[in-house]
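Structural characterization, general
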Amino acid sequence: MSPANTNPIALGSESLSVDHLLGIKDLTRADIDLIFRTADGFKEVLGRPIKKVPSLRDITIANLFFESSTRTRVSFELAEKRLSADVVNFSSSGSSVSKGETLIDTVNNILAMKVDMVVMRHPDPGAAMFLARHARARILNAGDGTHEHPTQALLDAYSIREKLGRVKGVKVLIVGDVLHSRVALSNIFCLQKLGSEVMLCGPRTLMPRHIRALGVRFEDDLDKALGWCDVANMLRIQLERQGGDGIASFPSLREYAMLYGLNLSRYRRIGKDVVVMHPGPINRGVEVSSEVADHANSIILDQVENGVAIRMAVLYLLAARIPRTAV
Ligand code: CP
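Residues numbered from 1 in each chain as written. Predicted model: local features only at pLDDT ≥ 70, side-chain atom pairs only at ≥ 80, totals over all residues. Heavy atoms only, no water.

Further remarks concern the site of the ligand. The full set of residues close to the ligand is Ser-69, Thr-70, Arg-71, Thr-72, Arg-121, His-149, Gln-152, Pro-279 and Gly-280. Measuring from an oxygen atom of the ligand, one finds a side-chain N or O atom of Arg-121 at 2.8 Å. Contacts to the ligand include Gln-152, whose side-chain N or O atom sits 3.0 Å from a nitrogen atom. Here the ligand loses 92% of its free accessible area of 250 Å² to cover by the protein chains. Here the residues of the shell around the ligand are counted per class, giving one nonpolar, six polar and two charged. No fewer than three residues from each of domain 1 (16–149 + 306–319) and domain 2 (150–301) sit in the shell around the ligand. (Near = heavy atom within 4 Å. Polar contact = N/O pair within 3.5 Å; in protein donor to acceptor, adjacent residues only side chain to side chain. Areas by Shrake-Rupley, 256 points an atom, 1.4 Å probe, with all protein chains shown as cover. Nonpolar A, V, L, I, M, F, W, Y, C, P; charged D, E, K, R; others polar. Domains from an automatic or database assignment.)

A word on the pattern of salt bridges. Here the structure, examined in full by the defined rule, presents 14 salt bridges. For Arg-182, the salt bridge goes to Glu-67, with nearest N and O atoms at 3.0 Å. Residue Arg-182 is located in helix H7 (residues 182–193), and its partner Glu-67 is located in the loop between strand S1 (60–65) and helix H3 (71–82); the two are separated by 115 residues in the primary sequence. A salt bridge links Asp-294 to Arg-284; the nearest nitrogen and oxygen atoms lie 3.1 Å apart. (Salt bridge = Lys/Arg side-chain N within 4 Å of Asp/Glu carboxyl O. Helix = DSSP H or I, 4+ residues; strand = E, 2+ residues; numbered from the N terminus.)

All right, on to the sheet that holds strand S5 (residues 171–175) then. Taking strand neighbours across the sheet as the criterion, the five strands line up as S7-S6-S5-S8-S9 in an open arrangement whose pairing is parallel. Looking at the sheet topology across the chains shown, the edges are occupied by strand S7 (217–218) and strand S9 (275–277). As judged from the two bridges shared by strand S6 (residues 197–201) and S7, these two strands associate in the parallel manner. Within S7, the residue paired with Met-199 across the bridge is Arg-217. (Pairing = 2+ DSSP bridges.)

Attention now moves to the domain arrangement of the protein chain. One can read the domain layout of the protein chain as domain 1 (16–149 + 306–319) and domain 2 (150–301). Listed by partner, the interface residues are 33 residues for domain 1 and 26 residues for domain 2. When domain 1 packs against domain 2, close to 2,600 Å² is buried across both sides, 62% of that on carbon and sulfur atoms. Of all residues in domain 1, Ile-24, Phe-36 and His-149 give up the largest surface area on contact with domain 2, accounting jointly for 26% of the area buried on that side. Counting across the interface, domain 1 meets domain 2 through three salt bridges. Across the domain 1-domain 2 interface, the total number found is 16 residue pairs in polar contact (both at pLDDT 80 or more). Going through the elements one at a time, helix H2 (29–46), H3, strand S3 (117–122), strand S4 (138–144) and helix H12 (300–319) are the ones with two or more residues in the side of domain 1 that touches domain 2. Looking at the side of domain 1 that touches domain 2 residue by residue, the class counts come to 12 nonpolar, 10 polar and 11 charged. (Contact = heavy atoms within 4.5 Å. Buried area = accessible area lost by both parts, 1.4 Å probe.)

See the structure below:
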């Protein structure tokens, strides 16, 4: 495999500083800039009548999803196919995981079939890092529990740059269930590396205890927070992560929507064109109303579209770091 020789994207000798994409925390500012420049090239490819390039044509990628996903899973698979990789999909339901097979045994069996790269979503924080230590393949974290979701943060920051022309100095508000959100943590790391100001807003019961250590502002009044920001990223309420006892961290979804939901009348009261984002899947009428989700200032579908170019860029750049064996 020789991406540099077969791809229309010219990168010269630049490469990422990491062998795996486990989290934004591990990336440098230069890595993120390189990913964005590479994604710009792939975005141009995706606008062509023939949207496919041969860059990864002798690379095999396994998509391992141990937790449900729509956007990330489809986006990674499409990115891989646009790069001409061979793709194998695995989901834990219907697999031998239900017979008690461990994560490392499952993955080693898949790698024995000569897989070069693994994209993995897993409910446990640290699962991607564990795999990177024990498996001989490039690992891409597609979301590990409440820890990180690096490609989501990259596509979010890339979409802000596309809409506003810059990320540096942009005031980004992240609203809602920060405590259970890997999207929030990766976004905070990514936006701070790119020079944005970040504010969190939501019920204090949905904020992490170490909030001060994150170096972000906090405001519990959504109307005040919206007046401060240029961009509002409305997080999904993660009901499935609210605790095994079924007790939620707030009294009711109705009350949450009243205090922290973005509906049209609240949006109009801001009096400026705040850009609206949501990582999906949306609980319409809870985090955002349908009028706001579908508003001209909402870039929710641009985020999804940009996800393919960002994931192509990350796959391409990591594939370039696979050691060559002499033939
Ligand atoms: N944003 C996101 O991760 O969505 P999915 O869970 O559908 O992949």
